[in-house]
Amino acid sequence: MTRHFLTVDDLDAAELLALLDHADALKAERAQGRRQRDDLAGRTVGLLFEKPSTRTRVSFEVAVAELGAHPLVLSSAELQLGRGETVGDTARVLSRYLDALGVRTFAQSRLETLAAEGTIPIVNMLSDLAHPCQALADLQTIREATGGLAGRRLTYLGDGNNVAHSLLVAGALVGLDVTVAHPEGHGPDRDVLARARAHAATSGAELSVTTDHLGAVAGADVLYTDVWASMGQEDEADARAAAFAPYRLDGDALAAAAEDAIVLHCLPAHRGEEISAAAIDGPQSRVWDQAENRLHAQKALLLALLG
Ligand code: CP
């Protein structure tokens, strides 16, 4: 059966932890100088972008190449998709050429249609609802920095967006406690939260959603934030700035967190907005490891889907 990765819980907890182990091994191997592998020799992986990207585009392209496959970067503006060809027809055609397709898009339903109508694995490289590949790298980073996941406490400050959704679901799967502290009216999606809570009932993870930013950061092992206005919300940036200001990840938040708390941000960052320069560039920041881990985690993912 063709497997897809549209949301984090397309993997079960055991698969997710095994994938992180594999990502760690791939990272160690690369650090020792072994970059080129041939696991996916002769395969072609399409990478379709309907939104801009730096990390996702480059980390996936390098991951595919280093696994021995050919990466084919596509833009919907350059495909007939951008002139009205249906998503279903695009899925059927691309399935005849490619071995897998990563997609960065808007509605989650576009990914679901590609998965339903095509015959190759579809990977969510970010949708409005979820950013599961980011969550893989986040878990890998938290585990390598703190020594574990279960029982650690992550506080996400800001918008209950796709990144927050995937953190909630990923944390719930592996027993990582996740608190999302958000301004009124900007909380996570209820259905995603319900799904995360169902997983937490099995793992024992404690999940909470609150507008109390001070209470949320107290004692946290991981502080995480993302931009206040995601791609497509640029018009709302000024209105959001006032509401989100108390949720900034800064020295006050770090002072209230655990002494050895780490700072994460999926990037791109806006210093002085959702995160202070001192927090992102300071000694507790692990954001560059986090960005690097996209490469290793996505290699492990591609091998799990195609290997
Ligand atoms: N974090 C992330 O997905 O970065 P890009 O938008 O640059 O891919």
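This structure is a prediction, so every number in the text was calculated from the model and none was measured.

Student: Please set out the sheet that holds strand β7 (residues 207–210) residue by residue, giving values where relevant.
Tutor: Taken in spatial order, the five strands of this open sheet run β7-β6-β5-β8-β9, and their pairing is parallel. With one partner strand each, in any of the chains shown, β7 and β9 (262–265) form the two edges of the open sheet. Here the strands of the sheet are splayed against their neighbours by 20° on average, with no regard to which way each runs. Examined bridge by bridge, strand β8 (residues 222–225) and β9 share four bridges and lie parallel to one another. Residue pairing across strands places Tyr 224 opposite Leu 264, the latter belonging to β9. The sheet contacts of helix α5 (residues 132–146) involve β5 (153–157), β8 and β9, and relative to β9 the element is tilted by about 165°. Its contacts with the sheet place helix α6 (residues 162–174) against β5, β6 (177–181), β7 and β8, and it is angled at close to 160° to β6.

Student: Please give an account of the side chain of Thr 56 that cites residues and values.
Tutor: Within the secondary structure, Thr 56 sits in helix α2 (residues 55–66). The residues contacting Thr 56, other than those within four sequence positions of it, are Phe 49, Arg 104, Met 125, His 131 and Arg 294.

Student: Explain the site of the ligand to me, using residue names and the numbers behind them.
Tutor: Around the ligand, the neighbouring residues are Ser 53, Thr 54, Arg 55, Thr 56, Arg 104, His 131, Gln 134, Cys 266, Leu 267 and Arg 294. Between an oxygen atom of the ligand and a side-chain N or O atom of His 131, the distance comes to 2.8 Å. Residue Leu 267 places a main-chain N or O atom 3.1 Å away from a nitrogen atom belonging to the ligand. Surface burial for the ligand is 94%, taken as the share of its 250 Å² of free accessible area covered by protein chains. Of the residues belonging to the shell around the ligand, the class tally is two nonpolar, five polar and three charged.

Student: For the sheet that holds strand β3 (residues 100–104), give the residues involved together with the corresponding values.
Tutor: Pairing in this open sheet of four strands is parallel, and the strands run β2-β1-β3-β4 from one edge to the other. The open sheet terminates on both sides in strands that have one partner only, identified here as β2 (70–75) and β4 (122–124). Taking each pair of neighbouring strands and ignoring which way they run, the sheet shows an average axis angle of 20°. Where strand β1 (residues 44–49) and β3 come together, five bridges link them in parallel fashion. Paired with Leu 48 across the bridge in β3 is Val 103. Seen against the sheet, α2 touches β1, β2, β3 and β4 and runs at an angle of roughly 150° to β2.

Student: Explain the packing of aromatic side chains residue by residue, including any values.
Tutor: If you walk through the whole model with that rule in mind, you get two aromatic pairs. Ring geometry for Tyr 156 versus Tyr 224: centroids 5.8 Å apart, planes at 35°, classification tilted. A residue pair is termed long-range when its members are at least 10 positions apart, and Tyr 156 in strand β5 and Tyr 224 in strand β8 qualify at 68 residues. Across the pair, exposure class does not vary: Tyr 156 and Tyr 224 are buried alike. Their ring planes at 35° and their centres at 5.9 Å tell us that Trp 228 and Phe 244 sit as a pair that is tilted. Taken as a pair, Trp 228 in the loop between β8 and α9 (237–244) and Phe 244 in helix α9 lie far apart in primary sequence, 16 residues in all. The exposure class of Trp 228 is buried, given its relative accessible area of 6%.

Student: Now, about unusual backbone geometry: what can you tell me, with residues and values included?
Tutor: What you tend to see is this: most non-glycine residues have negative phi, and most peptide bonds are trans. Of note, the amide linkage connecting Leu 267 to Pro 268 takes the cis form, showing an omega dihedral of 5°. Mapped onto the secondary structure, Pro 268 falls in the loop between β9 and α11 (277–281). With a phi angle near 125°, Leu 126 is a residue other than glycine that sits in the positive phi range. Leu 126 sits in the buried class, given a relative accessible area of 7%. Of note in the backbone geometry, Leu 267 takes a positive phi value of approximately 70° without being a glycine. Structurally, the position occupied by Leu 267 is in the loop between β9 and α11.

Rules and cut-offs
- Residues numbered from 1 in each chain as written.
- Predicted model: local features only at pLDDT ≥ 70, side-chain atom pairs only at ≥ 80, totals over all residues.
- Heavy atoms only, no water.
- Pairing = 2+ DSSP bridges.
- Helix = DSSP H or I, 4+ residues; strand = E, 2+ residues; numbered from the N terminus.
- Axes fitted to C-alpha atoms, helices over the stretch in contact; angles between N-to-C directions.
- Contact = heavy atoms within 4.5 Å.
- Near = heavy atom within 4 Å.
- Polar contact = N/O pair within 3.5 Å; in protein donor to acceptor, adjacent residues only side chain to side chain.
- Areas by Shrake-Rupley, 256 points an atom, 1.4 Å probe, with all protein chains shown as cover.
- Nonpolar A, V, L, I, M, F, W, Y, C, P; charged D, E, K, R; others polar.
- Phe/Tyr/Trp six-rings, centres within 6.5 Å; stacked < 30°, edge-to-face > 60°.
- Buried < 20%, exposed > 50% of the residue type's maximum accessible area, 1.4 Å probe, protein only.

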